[in-house]
Amino acid sequence: TPYSEEEEDLQYRLRTGEVVDETTYPMVPHMCSEDARLQTFQPWPSSAPVRPRALAQAGLFYLGEGDRVQCFCCAGMMGGWEAGDTAWGEHSKHFANCFFILGHDVGNVPSQGGAAA
Ligand SMILES: [Zn+2]
């Protein structure tokens, strides 16, 4: 790429941490941990057709109202879950550019709580 003073400046500020590249960093860093996300689902409505663990594994945490959830990485919000929906399927359908969905290392911490699914 041709030399660009502007780009050089941005790269410098990214390296020094002065600015954060929001395309690769999670929007909700305190929800990086799958266990932390799972904790938010304690009041999750049992009538909802998607299970908390599946949602947490798909990067989602509960917003505490209705069946609205949000992604820790892209901050995308979803709700109105219907029978047959899957957490990962809806996340990738509505937020296909989410770096977590795309498989980038965005700081996700998988659950240490065993293999129960
Ligand atoms: Zn996302």
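You'll find the structure just up there.
The structure contained in this document is the topic of the report that follows. (Residues numbered from 1 in each chain as written. Predicted model: local features only at pLDDT ≥ 70, side-chain atom pairs only at ≥ 80, totals over all residues. Heavy atoms only, no water.)

### As for the overall build of the protein chain
Stage number 1. Regarding its fold elements, the protein chain presents 4 helices and 3 strands.
Stage number 2. The helix and strand sequence of the protein chain, counted from the amino end, reads α-α-α-β-β-β-α.
Stage number 3. Per-residue burial over the protein chain gives 32% buried out of 117 residues.
Stage number 4. Within the protein chain, counting contacts between residues at least 6 apart in sequence, those at least 24 apart form 43% of the total.
Stage number 5. As displayed, the protein chain has an accessible area near 7,300 Å², and 51% of this comes from carbon and sulfur atoms. (Helix = DSSP H or I, 4+ residues; strand = E, 2+ residues; numbered from the N terminus. Buried < 20%, exposed > 50% of the residue type's maximum accessible area, 1.4 Å probe, protein only. Contact = heavy atoms within 4.5 Å. Areas by Shrake-Rupley, 256 points an atom, 1.4 Å probe, with all protein chains shown as cover.)

### Considerations on the nonpolar core
Most often, soluble globular proteins have nonpolar side chains that are buried together.
Stage number 1. Formed by 23 residues in total, the largest nonpolar core has its most connected members in W44, L55, L60, V69, F72, C73 and W81.
Stage number 2. Those elements that provide at least two residues to this core are β1 (60-62) and β2 (69-71).
Stage number 3. Once you skip the residues sitting within four places of it in the chain, L55 turns out to touch F41, W44, V50, L60, W81 and A87. (Core = buried A, V, L, I, M, F, W, Y, C linked by side-chain atoms within 4.5 Å.)

### Structural notes on the pattern of salt bridges
Two side chains that carry opposite charge are able to pair once their charged atoms sit near each other.
Stage number 1. For the structure on display, the rule yields 1 salt bridge.
Stage number 2. Where E90 meets K93, a salt bridge forms, and the shortest distance between an N and an O atom there is 3.4 Å. Of the two residues, E90 and K93 are both situated in helix α4 (residues 87-94); the distance of 3 residues between them amounts to about one turn of the helix.
Stage number 3. You can call E90 buried: its relative accessible area is 14%. (Salt bridge = Lys/Arg side-chain N within 4 Å of Asp/Glu carboxyl O.)

### Considering the sheet that holds β1
Stage number 1. Read across the open sheet, the 3 strands follow the order β1-β2-β3; overall the sheet is antiparallel. Single-partner strands in this sheet number two, and they are β1 and β3 (77-78).
Stage number 2. Bridge count for β2 against β3 is 2 bridges, and the pairing is antiparallel. Considered in β3, the bridge of Q70 is made with M77. (Pairing = 2+ DSSP bridges.)

### With respect to the coordination of the zinc ion
Octahedral metals with six donors have ideal donor angles of 90 or 180 degrees. Tetrahedral metals with four donors have an ideal donor angle of 109.5 degrees.
Stage number 1. Within the protein, the zinc ion binds to C71 (SG), C74 (SG), H91 (NE2) and C98 (SG); these donor distances fall in the range 2.1 to 2.3 Å.
Stage number 2. Around the zinc ion, the 4 donor atoms sit at angles spanning 102 to 117 degrees, and that spread fits a shape best called tetrahedral.
Stage number 3. Between consecutive donors of the zinc ion, the numbers of intervening residues give the motif C-x2-C-x16-H-x6-C. Of this pair, C74 sits in the loop between β2 and β3 while C98 sits in the segment after α4, and the two are 24 residues apart along the sequence.
Stage number 4. The class of C74 is partly exposed, set by a relative accessible area of 26%.
Stage number 5. On the basis of relative accessibility, which here comes to 3%, the residue C98 falls in the buried class. (Donors = N, O, S within 2.8 Å, 3.2 Å for Na, K, Ca; no water. Tetrahedral: all angles 85-135°; square planar, octahedral: opposite > 155°, others 65-115°.)

Any link to function would need more than the numbers given here.
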